[in-house]
Amino acid sequence: MQINDMPFEDAVPIDGYGPNFFRVKGVVHEGAMMLMGATATQWGGYDDVAPLLALAGRVDFILFGTGEEMTHLPPALRQQLDTAGIGAEFMATATACRSYNILASEGRRVAVALLPV
């Protein structure tokens, strides 16, 4: 899927996504990934908590793309994020990609953690 262009100042957009990949600023990332500002990195999924907690104080919340369908976050992960003062919103990955692009283009302090579709 192709996503429409939007103005970005301090962040890069998710250009597209497909089966097991995301394209960020023209670079393809396979598997799960995180994006915050201009930094896109691989992410190990719900058990890979350290990079999420490292965002404390740098973001107001993290959008979680949970795959093709929206599912809830594991309770232990949700508790760790709450303790660190990081808000979490979960939604299907396609919705998370679009939402991240809108919020990042507005200059919001947001990150996205995505499981592939």
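Source: prediction; values computed, not measured. (Residues numbered from 1 in each chain as written. Predicted model: local features only at pLDDT ≥ 70, side-chain atom pairs only at ≥ 80, totals over all residues. Heavy atoms only, no water.)

1. Focus: the side chain of Thr 66
And then number 1: You can see Thr 66 is positioned in strand 6 (residues 61-66).
And then number 2: Within polar-contact distance, the side chain of Thr 66 engages the backbone oxygen of Glu 69 at 2.8 Å.
And then number 3: Those residues in contact with Thr 66 that lie beyond four places of it in its chain are Tyr 46, Thr 71, Phe 90, Met 91, Ala 92, Thr 93 and Leu 115. (Helix = DSSP H or I, 4+ residues; strand = E, 2+ residues; numbered from the N terminus. Polar contact = N/O pair within 3.5 Å; in protein donor to acceptor, adjacent residues only side chain to side chain. Contact = heavy atoms within 4.5 Å.)

2. A short note on the sheet that holds strand 7 (residues 87-91)
And then number 1: The strand order 5-4-8-6-7 describes an open sheet built from five strands, whose pairing is mixed. What marks the edges here is a single partner per strand, and that holds for strand 5 (39-42) and strand 7. Within this sheet the neighbouring strands show an average axis-to-axis angle of 15°, counted without direction.
And then number 2: Judged from the four bridges that link them, strand 4 (residues 33-36) and strand 8 (residues 110-115) form a sheet pairing that is antiparallel. Looking at strand 8, one finds that Leu 35 is bridged to Val 112.
And then number 3: In the packing of helix 3 (residues 93-105) onto the sheet, the strands contacted are strand 4, strand 6, strand 7 and strand 8, and the crossing angle to strand 8 comes to about 160°. (Pairing = 2+ DSSP bridges. Axes fitted to C-alpha atoms, helices over the stretch in contact; angles between N-to-C directions.)

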